[in-house]
Structures are given as C-alpha cells and as structure tokens.
Amino acid sequence: QWAATIEKYLSVYAEEATLVYRKLIENNGEKEAYMIDRCRYAVEARYWDEAIKVCETARSKLPESPEGAVFLSQAYMANDSKDLAKKTLISTVAANPKSFLARKELADFYMKEGNPVAAVEHYTAAVG
C-alpha cells in the first residue's frame, strides 16, 4: 500500500519517496514489485551511487523491463560513464525494439553525442 500511495501522491517528491522505499526494504526486504520505481526515484533524487546500485539490481532481476535499463543509463551518464550508458541503451533497444522509452532515450543520447542521423532513426522508430 505504501508503494501505491507513493506512486499516486509523491511522484514529485523523489527524495521522500526514496526514503520511504528504504524503510520498506528495511522492514519487508527487497521486492521485485517496486524495484523499477525505486530505481526511478533514486535517479530523480540524484542519488547517483544508490541509483546505479538499485538500477543494476532491477535490470538483472527484471531483464524484460526496459525502464530499469533506461534509468540505469541516466545514472551512468550522471557519473560520467558515457560508454556504459550508451552500451546499456543499445543493448536495451536490441532486446526491446518496440520500447518507446528506450528508443527515445537512445535518440536523445545520440543528439547529445552530435549524431543527428542516428538520433532521427531512433526517434522515428520510437514514434512508429
């Protein structure tokens, strides 16, 4: 119920949401049901070390979910690990070619990298 309340009311309060998830884990242990949300809130709160740890765990335990990998790539970028971020996004798009979020994130990466041709390709695929 806490996780549902957070999602409904605290989505703009990433730091507080992260603290609530820490308490949930302390009291109930890690649950796959809220790994992706915990990963997202750690990224939004800019808790980069925690975000990398949580998102790597989410990605390994929930490989079918592209969201964890996308948030992981954002955390890698924030830690100046651009090669890891790019590799993560490319492998996520390869595994989930119909994921709008993964395609858009890879396209955004290519734009920042100065590769508009690749960016347009992935923006087009994302919209398609």
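Structure shown above.
Residues numbered from 1 in each chain as written. Predicted model: local features only at pLDDT ≥ 70, side-chain atom pairs only at ≥ 80, totals over all residues. Heavy atoms only, no water.

### Brief notes about the overall build of the protein chain
From N to C terminus, the protein chain includes eight helices and zero strands. Tracing the protein chain from N to C terminus, the helices and strands come up as α-α-α-α-α-α-α-α. Taken across its 128 residues, the protein chain has 41% of its residues classed as buried. Here the analysis covers contacts within the protein chain between residues at least 6 apart in sequence; of these, 46% occur between residues at least 24 apart. (Helix = DSSP H or I, 4+ residues; strand = E, 2+ residues; numbered from the N terminus. Buried < 20%, exposed > 50% of the residue type's maximum accessible area, 1.4 Å probe, protein only. Contact = heavy atoms within 4.5 Å.)

### Focus: the state of the cysteines
The tally for this structure, following the rule as stated, stands at one disulfide. Covalent S-S linkage joins Cys-39 and Cys-55, the inter-sulfur distance amounting to 1.9 Å. Disulfide Cys-39-Cys-55: torsion about the S-S bond near 100°, hence right-handed. A residue pair is termed long-range when its members are at least 10 positions apart, and Cys-39 in helix α3 (residues 35-44) and Cys-55 in helix α4 (residues 48-61) qualify at 16 residues. (Disulfide = S-S within 2.5 Å.)

### Considering the pattern of salt bridges
A complete count under the given rule lists eight salt bridges for this structure. Measuring nitrogen to oxygen at the nearest pair gives 3.3 Å for the salt bridge that ties Lys-86 to Glu-113. With a gap of 27 residues between them, Lys-86 in helix α6 (residues 82-95) and Glu-113 in helix α7 (residues 100-113) connect regions that are remote in the sequence. Since its relative accessible area comes to 24%, Lys-86 is described here as partly exposed. Relative accessible area serves as the criterion here: at 39%, Glu-113 is assigned to the partly exposed category. Note that Asp-108 and Lys-104 form a salt bridge whose closest N and O atoms lie 2.7 Å from each other. Taken together, the positions of Asp-108 and Lys-104, both in helix α7 and four residues apart, correspond to about one turn of that helix. When its relative accessible area of 31% is taken as the criterion, Lys-104 is described as partly exposed. Residues joined by salt bridges that share partners form a network here, namely Arg-22, Glu-30, Arg-38 and Glu-50. (Salt bridge = Lys/Arg side-chain N within 4 Å of Asp/Glu carboxyl O.)

### Here's the deal with the packing of aromatic side chains
In this structure the tally under the stated criterion is one aromatic pair. Ring geometry for Phe-109 and Tyr-110: centres 6.3 Å apart, planes at 75°, overall edge-to-face. A relative accessible area of 8% means that Phe-109 is categorised as buried. Taking relative accessible area as the criterion, Tyr-110 reaches 11% and is therefore assigned buried. (Phe/Tyr/Trp six-rings, centres within 6.5 Å; stacked < 30°, edge-to-face > 60°.)

### A look at helix α8 (residues 116-127)
With twelve residues, α8 extends 16 Å between its outermost C-alpha atoms, agreeing within 8% with the 16 Å of an ideal straight helix rising 1.5 Å per residue. Along α8, the residues that are buried comprise Ala-118, Ala-119, His-122 and Ala-126. Down the axis of α8, the smallest arc covering the buried residues is 100°, so these residues share one side. Those residues of α8 that are exposed and angled more than 90 degrees off the buried face are Val-117, Glu-121, Thr-124 and Val-127. Where α8 is buried, its residues meet α6 and α7. (Expected span 1.5 Å × (residues − 1). Arc of directions from axis to C-beta.)

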